[in-house]
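Inside the fold
The lines below spell out each chain.
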Amino acid sequence: MSSQIYRSASKAARSLLSSAKNARFFSEGRTIGAAAAVSASGKIPLYASNFVRSSGSGVASKSWITGLLALPAAAYMIQDQEVLAAEMERTFIAIKPDGVQRGLISEIVSRFERKGFKLVGIKVIVPSKDFAQKHYHDLKERPFFNGLCDFLSSGPVIAMVWEGEGVIRYGRKLIGATDPQKSEPGTIRGDLAVTVGRNIIHGSDGPETAKDEINLWFKPQELVSYTNNSEKWLYGDN
Ligand code: IDP
Ligand code: MG
């Protein structure tokens with residue numbers, strides 16, 4: 001086997017897997033293709049989603065895919081139905097009733113979108129007070145808890161799940177400090193809000209809360225796993 005083919009295949013696989021810390025298989029009709037990187041011993045040690053539709057529009061990965069196709073059939077595998085998909089980090093983001101009423105939905109969505117994060121779930125919901133109390137359960141001892149839950153349940157909220165490398169921590173950076181008086185200019189709260197009680201947006205503060213909040217607000221079938229065409233321009237090691 002050509003060592004050049006091996007190098008380019010394993011490099012592509014490494015770069016993809018580095019941005020996909022946890023990976024899992026899933027089945028979907030419209031999936032991207034998957035290819036196996038082949039080790040020097042001829043075994044098949046790992047699979048990598050190549051972020052290219054099986055119809056083959058991906059320029060970036062074309063050379064190593066072509067290389068793999070030239071290998072003996074036993075040494076590679078292209079799967080259409082079952083692929084290894086990169087499972088990226090996800091966070092829960094909500095535009096609170098003040099952000100919705102002030103017409104800031106598109107402004108906020110566009111900041112996450114332009115950064116390069118991917119929207120995988122969105123809905124308009126008026127939470128009940130009971131639901132708001134569940135969402136803010138860790139603040140139940142705070143003096144503002146009751147008013148906060150009244151407020152969150154006072155009108156439509158845009159509930160969203162955003163996906164991308166580092167989205168939990170960086171989502172908080174985009175949002176800014178809890179108190180808009182202390183948020184840096186350039187952040188959502190810094191640019192668009194004035195007081196802590198009306199700071200327009202919520203974002204999960206860590207991996208555990210992200211998981212819990214996504215599960216509280218969304219059913220699994222309301223979230224969509226898909227490949228965005230720009231991913232090959234957003235992710236990659238040099
Ligand atoms: P975070 O939204 O930045 O994560 P948390 O401390 O989790 O901030 O508080 C949740 C929400 O509770 C805040 O976004 C804000 O709307 C509200 N809140 C926090 N501190 C105060 C306060 O001192 N007075 C009134 N509301 C507050
Ligand atoms: Mg919080």
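Fair warning: this is a prediction, and the values are worked out from it, not measured in the lab. (Residues numbered from 1 in each chain as written. Chains lettered and ligands numbered in written order. Predicted model: local features only at pLDDT ≥ 70, side-chain atom pairs only at ≥ 80, totals over all residues. Heavy atoms only, no water.)

Notes on the pattern of salt bridges
Enumeration over the complete set of coordinates arrives at eight salt bridges. Arginine 90 is paired through a salt bridge with glutamate 163; the nearest N and O atoms lie 2.7 Å apart. Here arginine 90, found in strand β6 (residues 90-95), pairs with glutamate 163, found in strand β8 (residues 157-163); they are 73 residues apart in sequence, far enough to count as distant. Between glutamate 222 and lysine 123 there is a salt bridge, with the nearest N and O atoms lying 3.0 Å from each other. Here lysine 123 lies in strand β7 (residues 118-125) and glutamate 222 lies in the loop between α9 (207-217) and α10 (231-234), a separation of 99 residues in the sequence. Several salt bridges share partner residues, and in doing so they unite Arg90, Lys118, Glu163 and Glu231 into one network. (Salt bridge = Lys/Arg side-chain N within 4 Å of Asp/Glu carboxyl O. Helix = DSSP H or I, 4+ residues; strand = E, 2+ residues; numbered from the N terminus.)

A word on the environment of isoleucine 168
Within the fold, isoleucine 168 resides in helix α7 (residues 167-175). The contacts of isoleucine 168, once residues within four sequence positions are left out, are Glu89, Arg90, Thr91, Ser204, Asp205, Gly206, Pro207 and Ala210. (Contact = heavy atoms within 4.5 Å.)

Some thoughts on the confidence of the model for the protein chain
The predicted model of the protein chain averages 75 in pLDDT, with 64% of residues at 70 or higher. Contacts from residues 1-85, a stretch scored under 50 in pLDDT, to residues over four places away or in other chains number 132 contacts. (pLDDT = per-residue confidence, 0-100.)

Focus on the site of ligand 1
In the vicinity of ligand 1, the contacting residues are Lys96, Tyr136, Leu139, Phe144, Leu148, Arg172, Thr178, Arg189, Val196 and Asn199. Asparagine 199 places a side-chain nitrogen or oxygen 2.8 Å from an oxygen atom of ligand 1. If ligand 1 stood free it would expose 520 Å²; the protein chains cover 76% of that surface. (Near = heavy atom within 4 Å. Polar contact = N/O pair within 3.5 Å; in protein donor to acceptor, adjacent residues only side chain to side chain. Areas by Shrake-Rupley, 256 points an atom, 1.4 Å probe, with all protein chains shown as cover.)

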